[in-house]
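# What the coordinates show
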Number of protein chains: 2
Amino acid sequence: KREDKLDIPNLAAEIRSGNRIALSRAITLVESSNSDHKEQAQKLLQELLSFTGNSIRIGITGVPGAGKSTFIESFGSMLCDMGKKVAVLAIDPSSSLSGGSILGDKTRMEKLSRTSNAFVRPSPSAGTLGGVHKKTRETMLLCEAAGFDVILIETVGVGQSETFVRGMVDFFLLLVLTGAGDELQGMKKGIMELADGIIVHKSDGDNVVRARRTVREYKQILHFLQPATPGWMSTSLAVSSVEKTGLKETWDMICKFEETIKASSYWNMRRSEQTKDWFHSMITDHLIESFYQASDRKSLIQSLEKSILHGEITVTQGVKKLFE
Amino acid sequence: KREDKLDIPNLAAEIRSGNRIALSRAITLVESSNSDHKEQAQKLLQELLSFTGNSIRIGITGVPGAGKSTFIESFGSMLCDMGKKVAVLAIDPSSSLSGGSILGDKTRMEKLSRTSNAFVRPSPSAGTLGGVHKKTRETMLLCEAAGFDVILIETVGVGQSETFVRGMVDFFLLLVLTGAGDELQGMKKGIMELADGIIVHKSDGDNVVRARRTVREYKQILHFLQPATPGWMSTSLAVSSVEKTGLKETWDMICKFEETIKASSYWNMRRSEQTKDWFHSMITDHLIESFYQASDRKSLIQSLEKSILHGEITVTQGVKKLFE
């Protein structure tokens, strides 16, 4: 019964003052599926809304094996050393059936987790349809209200996580390995066109020369593609998280991006569009979810699909039968 | 009152026998927004369903100025000379406000229109949300029942027409001009990754050498991208519709594609998936359309958007208010 009586204004003030326990508690509230918790979470967020939006939001994705967590550990630690407050979140739209969260593994980003300027949050357990990216968005707002300057959002798992993350960040970073030719074959369709920057990772030891060549190859390919952000020429950099090279250059690139895009009106425009898109995608999610959840509808849809594929009824007739 | 008494089985038989007037009439029925016509169209389609699916469905898109209609005129005429029956359809999801159909212009594809083996249909006038691609799909089925071997579906106008067309064809062809470097800058995001083949068009006169170089450049880029169709390595060809070069090679490429993909199980699998996707996207369209159409909802949504962007309420609260 204790949480039912949560003092929301007090919790908001504690978050604003930098109390980590209050922040963690608020995120748990946001992630809860309990209806009382949901309502309290929304009241809390409403209380904090005017203190959000002041961070730079960076999305990070990578090909399998690119070493995302190692990069985030090194890059995040460098930013903390520079005096920045860094929050690391993850988005994982994969279902709980498919294995769930990797970030739940507490041993990851061990050093960064212990840094006082950093806050590393495991990914929310995947649950209801369309719910995961909502939770990550709201967690991001809580972190901003808590005064974090840099929000790193990592894509975890398979599926559409890249598109979701692109839809909630200012800058989108793609991590790849050397050997663009072989590497790109396994890369998701359209992923390069979402990226504002491409990091050729593990540029260390014997790999440095190959990494530099790969950077040139990516720059060439990026030249052929539409920019992910109007007014910004996406570029590529070689980075070693082990030897700590290229990390400073990565941050410089992001700062130059922020300066360039803020000078145009696009920075605020994109954020407004992202919020509106979020609103409308939640409306659509709600419509679809409540439609497909209705009892007996699943079996009706399956039998209609069968009739359509067997050429017994047209698609239009199938849709009509569903809404009769 | 005459059309209310349409003899559907007779109309179906006339279409099957190759009667062009019957086919045109059926397409008009499919495109009509009158509810009696709609019902008759669905009965007719149901009657014809078992005679559909036997064509090769080819989508054609291009960068602005690439000369799509000239290509379709030359390519379609060659196929007709080879004894193929060719239907040319267009998809134009742009709203009627934005100018409407270009294919409505009757002077286009003049030669092909007069060829007895060809059937050129102007694009349906854009109307209701989500309706245009449905009409083109159903028109395609009518043409198949009428015995057409090759269906060419051209993208017209802006918007998502490429994605719609990719979702209803077997082979997707992209037309570009020489100078990949400059050209690609203006190309839509992800468009190359939808293409099974890229035609470098206007490869004639002084342009031949440049066209060949551009073909090589595209082949190189295609090598970096995921194939649009699993099991098919997308490739590039130089074509002149004026000098009639490369047209035969284009058809050979499509035939090789058909042979390769039919040998795997992917041909039928993709068609089934396309039909299922069509069914579910029509369900979603219906849900969204009827939701946003409800009276007063538009102004409520706009005022909620404003409150959200001003930071007065959270997105979740906005959605909740809508469904209260």
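Remember, it's a predicted structure, so these values are computed and weren't measured experimentally. Every chain begins its residue count from 1, and numbering advances along the sequence as written. Going through the entries in the order they are written, you letter the chains from A and number the ligands from 1. The predicted nature of this model means local features are confined to residues of pLDDT at least 70 and side-chain atom pairs, given and counted, to a pLDDT of 80 or more, with totals for whole chains, interfaces and linings taken over all residues. Neither water nor hydrogens contribute to the side-chain values; these are computed over all heavy atoms in the structure.

## Section: the interface of chain B and chain A
Two residues form a contact once any of their heavy atoms are found within 4.5 Å. Between chain B and chain A, the residue contacts involve 55 residues of the former and 55 residues of the latter. In total, about 4900 Å² of surface goes out of reach between chain B and chain A, with carbon and sulfur atoms giving 67% of it. Criterion for a salt bridge: a side-chain nitrogen of Lys or Arg within 4 Å of a carboxyl oxygen of Asp or Glu. Summed over the shared surface of chain B and chain A, the result is zero salt bridges. Here a polar contact is recorded for every N or O atom pair within 3.5 Å, except that within protein the pair must consist of a potential hydrogen donor and a potential acceptor, and residues adjacent in sequence are included only if both atoms are side-chain atoms. Run the count over chain B and chain A and you get 15 residue pairs in polar contact (both at pLDDT 80 or more). Segments assigned H or I by DSSP are reported as helices when at least four residues long, segments assigned E as strands when at least two residues long, and all are numbered from the N terminus. Contributing elements (two or more residues each) for the side of chain B that touches chain A: α3 (35-48), α6 (132-145), α8 (180-185), α9 (208-224), α11 (266-293), α12 (297-309) and α13 (315-323) of chain B. If you tally residues by element for the side of chain B that touches chain A, the top one is α11(B), at 14 residues. When grouped by side-chain class, the residues that make up the side of chain B that touches chain A number 27 nonpolar, 17 polar and 11 charged. Throughout, buried area stands for the accessible area (probe radius 1.4 Å) lost by two parts on being put together, summed over both. Asp, Glu, Lys and Arg are counted as charged, while Ala, Val, Leu, Ile, Met, Phe, Trp, Tyr, Cys and Pro are counted as nonpolar; the rest, among them Gly, fall into the polar class.

## Re the relation of the copies chain B and chain A
The operation relating chain B to chain A is a screw motion whose rotation component is 180 degrees, with 0.0 Å of axial translation and a residual RMSD of 0.1 Å. The two molecules are tied by a two-fold rotation axis, judged by turn and shift. The position closest to the rotation axis in chain B is occupied by the C-alpha of G190(B), lying 2.7 Å away. The residues that chain B uses at the interface reappear at the interface of chain A in 100% of cases, marking a shared surface. The atoms used to superpose the copies are C-alpha atoms, taken from residues with pLDDT of at least 70 in both, and the fit is least squares.

## Notes on unusual backbone geometry
Residue K202(A) is not a glycine yet carries a positive backbone phi of 60 degrees. Inspection of the secondary structure assignment puts K202(A) in the loop between β6 (197-200) and α9 (208-224). A 1.4 Å probe rolled over the protein chains alone gives each residue an accessible area, and that area as a share of the maximum for its type sets the label: buried under 20%, exposed over 50%, partly exposed in between. Here K202(A) falls in the partly exposed class, since its relative accessible area comes to 37%. Look at K244(B): it is not a glycine, yet its phi comes out positive at around 55 degrees. Structurally, K244(B) can be placed in the loop between β7 (235-238) and α10 (247-263).

## Topic: helix α10 (residues 247-263) of chain A
The periodicity of an α-helix, 3.6 residues per turn, causes residues three or four places apart in sequence to face the same way. Residue and element names in this part refer to chain A. Residue count minus one, scaled by 1.5 Å, sets the expected span of a helix. With 17 residues, α10 ought to run about 24 Å at 1.5 Å a step, and its terminal C-alpha atoms sit 25 Å apart, in line with that. For α10, the set of buried residues is L247, T250, W251, M253, I254, F257 and I261. For α10, the arc enclosing every buried residue in end-on projection is 155 degrees, short of the 170-degree limit, so these residues lie on one face. Exposed and oriented more than 90 degrees from the buried face of α10 are K256, E259 and A263. Directions drawn from the helix axis to the C-beta atoms are what define this arc.

## Quick notes on the pattern of salt bridges
Residue and element names in this part refer to chain A. Summed over all chains, the structure comprises 18 salt bridges over all chains. Between R121 and E31 there is a salt bridge, with its nearest N and O atoms 3.5 Å apart. Here R121, found in the loop between β3 (118-120) and α6 (132-145), pairs with E31, found in helix α2 (residues 20-31); they are 90 residues apart in sequence, far enough to count as distant. Between K248 and D252 there is a salt bridge, with its nearest N and O atoms 3.0 Å apart. Taken together, the residues span about one helical turn, with K248 and D252 both in helix α10 at a distance of four residues. The class of K248 is partly exposed, set by a relative accessible area of 44%. Assessed through its relative accessible area of 37%, D252 is described here as partly exposed.

## Topic: the packing of aromatic side chains
Under the pairing criterion, centres of Phe, Tyr and Trp rings, with the six-membered ring standing for Trp, must be within 6.5 Å; the plane angle then separates stacked pairs below 30 degrees from edge-to-face pairs above 60, leaving the rest tilted. Within the structure shown, the criterion is met by 16 aromatic pairs over all chains. Taking the centre distance of 5.3 Å and the plane angle of 90 degrees together, the rings of F291(A) and Y292(A) count as edge-to-face. The class for Y292(A) is partly exposed, based on a relative accessible area of 28%. Taken together, a centroid distance of 6.0 Å and an interplanar angle of 40 degrees make the contact between F119(B) and F148(B) tilted. Of this pair, F119(B) sits in strand β3 (residues 118-120) while F148(B) sits in the loop between α6 and β4 (150-155), and the two are 29 residues apart along the sequence. For F119(B), a relative accessible area of 7% corresponds to the buried category. Three or more aromatic residues link up through ring pairs in this structure, and these residues are F171(A), W232(A), F257(A) and W267(A). Only when the NZ atom of a Lys or the CZ atom of an Arg is both within 6 Å of the ring centre and within 35 degrees of the ring normal do we say a charge sits over the ring. Its guanidinium or amino end placed over the ring of F51(A), R16(A) lies 3.6 Å from that ring's centre, counting from NZ or CZ. If you follow K85(A) out to its NZ or CZ, it ends over the ring of F148(A), 4.7 Å from the centre.

## Description of the pairing of β6(A)
Residue and element names in this part refer to chain A. Every second residue of β6 is oriented toward a common face, with G197 and I199 on one face and I198 and V200 on the other, all of them buried. If DSSP finds at least two bridges between two strands, the strands pair. With four bridges connecting them, strand β5 (residues 171-176) and β6 associate as parallel partners. Each bridged residue has a counterpart across the sheet, and for L173 the counterpart in β6 is G197. In this structure, β6 lies alongside strand β7 (residues 235-238), joined through four bridges in parallel fashion. Bridge pairing links V200 to A238 in β7. Orienting the strands away from the viewer, one traces the path from the first strand over the helix to the second; a clockwise path indicates a right-handed crossover. Each parallel crossover has a hand, and for β6 linked through α9 to β7 it is right-handed.

## With respect to the environment of L194(A)
Residue and element names in this part refer to chain A. For L194, the position within the fold is in the loop between α8 (180-185) and β6. Under the relative-accessibility criterion, L194 is labelled partly exposed at 22%. Along the primary structure L194 and P227 are separated by 33 residues, whereas in three dimensions their C-alpha atoms are 8.0 Å apart. The contacts of L194, once residues within four sequence positions are left out, are E162, R166, F172 and A228.

## Some details on helix α2 (residues 20-31) of chain B
Residue and element names in this part refer to chain B. The terminal C-alpha atoms of α2 lie 16 Å apart, and with 12 residues this matches the ideal 16 Å at 1.5 Å per residue to within 8%. Turning to α2, its buried residues number three or more, namely A22, L23, A26, I27, L29 and V30. Down the axis of α2, the buried set is contained in an arc of 155 degrees. They therefore lie on one face. Two or three places before I21, at the opening of α2, N19 has a side-chain oxygen 2.9 Å from that residue's backbone nitrogen.

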